[in-house]
Amino acid sequence: MWVIQVIIYAVIVGFFTVIRKQASEKTNISFVLAMSSTVGFLLIGWNFATAVALDWLTILLILVKSSLIACSWQLELVALKKYYLSTLQPFSVIRIIITFFASMIIFSEEVFWYQFIGVAIVLVGLFFLNKDTKKDINQNFTSKQKTLCILLFILSCVLAAISSVLDKYIMTRANEFQMQIWYMLFVSVLLWIAFFAQCIYKKQMLVSKSDWANVYIYLTAVLLILCDQFLFRALADPASKNSIISVLRQISVIVAVIYGGLLYKEPYLKERLGYLAVMLCGIVIILI
């Protein structure tokens, strides 16, 4: 059951990634993140009485996780706003590698020899994908711009991977509603602080009346609540393996690259799908 829940989560995240990019195209990134998180919290805040039953150590761990995700989202959206989604999204495979081996070491999850072969195949696909995207330099971006965006995106993936490992431990101490309520509350507060700090730094209010009517922000919030519910339920299952979950989550890459690539008519999409197919072969081997 937990495998199905993770697959549903990954498909929703694929659409969530593209829609969040659409939300940030004409609206300040920090405002998009803060507002969508707040709306998400309001959607589930009615169950707050359940969340206060948690011990303070677990709440503190959720705060740490929320801080990691808040930073990760900021870095990810800066990169996505400035560069091709189909080029950057495949780099999220880095989360597989970090979470896969960290879960194996920290949670003593059993990993078979053929799963290491699958990871190697995924890395090969990533290598050729990155090599192919060098052609983007000749489009509308300089080499320095491309490198900066990729580095920001990779850093966001590393922070998200650390958060993913922490998720598994937290879900042994909390249920999905307790986790999600505190998580959305903390993320909302942190992102609003980041937004107002940016306004103070630039000495202007970085949001207009039209930004409040950005429908993609509210759609992002709904998708965020839905996908996290499936993920946290899967993580709460004692039989689930975080290393395998990290692999299944990459289904979101396929959805995001295809949907985003077609939506924005991004160049070299067909070639990238071929390299993604190689990566998927590795994922299938890992799941055998």
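Definitions and limits used
- Residues numbered from 1 in each chain as written.
- Predicted model: local features only at pLDDT ≥ 70, side-chain atom pairs only at ≥ 80, totals over all residues.
- Heavy atoms only, no water.
- Helix = DSSP H or I, 4+ residues; strand = E, 2+ residues; numbered from the N terminus.
- Rg over C-alpha atoms; globule rule 2.2 N^0.38 Å.
- Buried < 20%, exposed > 50% of the residue type's maximum accessible area, 1.4 Å probe, protein only.
- Contact = heavy atoms within 4.5 Å.
- Areas by Shrake-Rupley, 256 points an atom, 1.4 Å probe, with all protein chains shown as cover.
- Lys, Arg positive; Asp, Glu negative; His and termini not counted.
- Charge placed at Lys NZ, Arg CZ, Asp CG, Glu CD.
- Phe/Tyr/Trp six-rings, centres within 6.5 Å; stacked < 30°, edge-to-face > 60°.
- Salt bridge = Lys/Arg side-chain N within 4 Å of Asp/Glu carboxyl O.
- Expected span 1.5 Å × (residues − 1).
- Polar contact = N/O pair within 3.5 Å; in protein donor to acceptor, adjacent residues only side chain to side chain.
- Axes fitted to C-alpha atoms, helices over the stretch in contact; angles between N-to-C directions.
- Parallel < 35°, antiparallel > 145°, perpendicular 65-115°, else oblique.
- Left-handed = near helix turned anticlockwise from the far one by under 90°.
- Nonpolar A, V, L, I, M, F, W, Y, C, P; charged D, E, K, R; others polar.
- Core = buried A, V, L, I, M, F, W, Y, C linked by side-chain atoms within 4.5 Å.
- Disulfide = S-S within 2.5 Å.

**Observations regarding the overall build of the protein chain**
Here's step 1: Of regular secondary structure, the protein chain possesses 13 helices and 0 strands.
Here's step 2: Ordered by position in the sequence, the α and β elements of the protein chain form the string α-α-α-α-α-α-α-α-α-α-α-α-α.
Here's step 3: A compact globule built from 288 residues would reach a C-alpha radius of gyration of about 19 Å, and the protein chain, at 19 Å, matches this within 12%.
Here's step 4: With the C-alpha coordinates aligned to their principal axes, the bounding extent of the protein chain is approximately 45 × 45 × 25 Å.
Here's step 5: Of all 288 residues assigned to the protein chain, the portion counted as buried reaches 55%.
Here's step 6: Once local pairs closer than 6 in sequence are excluded, the contacts in the protein chain between residues at least 24 apart make up 88%.
Here's step 7: Approximately 12900 Å² of the protein chain is accessible, and the part contributed by carbon and sulfur atoms is 72%.
Here's step 8: Each charge class in the protein chain was averaged separately, 23 positive and 14 negative side chains, and the resulting centres sit 9 Å apart.

**Here we look at the packing of aromatic side chains**
Here's step 1: Applying the stated rule across the entire model yields 10 aromatic pairs.
Here's step 2: Taken together, a centroid distance of 5.9 Å and an interplanar angle of 75° make the contact between Phe 31 and Trp 192 edge-to-face. Taken together, the residues Phe 31 in helix H2 (residues 29-44) and Trp 192 in helix H9 (residues 176-202) connect sequence positions 161 residues apart.
Here's step 3: Plain terms: the ring middles of Phe 31 and Trp 212 are 5.0 Å apart, the flat faces sit at 75° to each other, and that makes the pair edge-to-face. Note that Phe 31 is positioned in helix H2 and Trp 212 in the loop between H9 and helix H10 (215-236), a separation of 181 residues in sequence.

**Section: unusual backbone geometry**
Here's step 1: Positioned with a positive phi, Ser 108 is a non-glycine residue whose angle comes to about 55°.
Here's step 2: If you trace the backbone, Ser 108 turns up in the loop between helix H6 (93-106) and helix H7 (113-132).
Here's step 3: One non-glycine residue, Lys 203, adopts positive backbone phi at about 55°.
Here's step 4: Positionally, Lys 203 belongs in the loop between H9 and H10.
Here's step 5: By relative accessible area, Lys 203 is classed as exposed at 75%.

**Quick notes on the pattern of salt bridges**
Here's step 1: If you walk through the whole model with that rule in mind, you get 4 salt bridges.
Here's step 2: With a shortest N-O distance of 2.5 Å, Arg 20 and Glu 76 are connected by a salt bridge. Separated by 56 residues along the polypeptide, Arg 20 in helix H1 (residues 2-23) and Glu 76 in helix H4 (residues 56-82) bring together distant segments of the chain. In terms of burial, Arg 20 and Glu 76 fall into one category: buried.

**Points about H4**
Here's step 1: Counted at 1.5 Å a residue, the expected span for H4 with its 27 residues is 39 Å, and the 39 Å between its end C-alpha atoms agrees.
Here's step 2: For H4, the side-chain oxygen to backbone nitrogen distance between the N-cap and Leu 57 is 3.2 Å, and the N-cap itself is Asp 55.

**Focus: the environment of Ile 254**
Here's step 1: Tracing the sequence through the fold places Ile 254 in helix H12 (residues 251-264).
Here's step 2: Sequence-distant contacts of Ile 254, defined by excluding residues within four places in its chain, comprise Leu 276 and Leu 280.

**Some remarks on the packing of H4 against helix H8 (residues 143-170)**
Helices that pack against each other are described as a pair by the angle of their axes relative to one another and the distance between those axes.
Here's step 1: One way to put it is that H4 packs onto H8 with a least axis distance of 8 Å and a crossing angle of 155°. Compared by their axis directions, H4 and H8 come out roughly antiparallel. Here H4 and H8 pass one another in a crossing that is left-handed.
Here's step 2: In terms of residue class, the contact of H4 with H8 is made up of 20 nonpolar, 4 polar and 4 charged.

**Observations regarding the nonpolar core**
Here's step 1: Membership of the largest hydrophobic core comes to 82 residues, with the highest contact counts inside it found for Ile 62, Trp 73, Leu 88 and Tyr 183.
Here's step 2: Dropping the residues within four chain positions of it, Trp 73 is found in contact with Arg 20, Leu 33, Ser 37, Tyr 183, Val 187, Leu 191 and Leu 224.

**Quick notes on the environment of Asp 55**
Here's step 1: Examined against the element boundaries, Asp 55 turns out to sit in the loop between helix H3 (48-51) and H4.
Here's step 2: For the pair Asp 55 and Ala 10, spaced 45 residues apart in the sequence, the C-alpha separation amounts to 30 Å.

**Description of the state of the cysteines**
Here's step 1: Counting across every chain of the model gives 0 disulfides.
Here's step 2: The thiol of Cys 157 is unpaired, and the distance to the nearest cysteine sulfur, on Cys 149, comes to 13 Å.

**Quick notes on the side chain of Asp 167**
Here's step 1: As for its position among the elements, Asp 167 is in helix H8.
Here's step 2: Apart from the residues within four sequence positions on either side, Asp 167 is in contact with Lys 65, Met 179, Phe 232 and Leu 235.

**A closer look at the environment of Phe 31**
Here's step 1: Under the relative-accessibility criterion, Phe 31 is labelled buried at 0%.
Here's step 2: For the pair Phe 31 and Ile 154, spaced 123 residues apart in sequence, the C-alpha separation works out to 22 Å.

**Considerations on H12**
Side chains that are three or four residues apart share a direction in an α-helix, a result of its 3.6 residues per turn.
Here's step 1: Between its terminal C-alpha atoms H12 stretches 20 Å, which fits the 20 Å expected from 14 residues at 1.5 Å a residue.
Here's step 2: All buried positions along H12 are accounted for by Ser 252, Val 253, Ile 254, Val 255, Ala 256, Val 257, Gly 260 and Gly 261.
Here's step 3: Just past H12, the residue Lys 265 takes up positive phi, approximately 50°.

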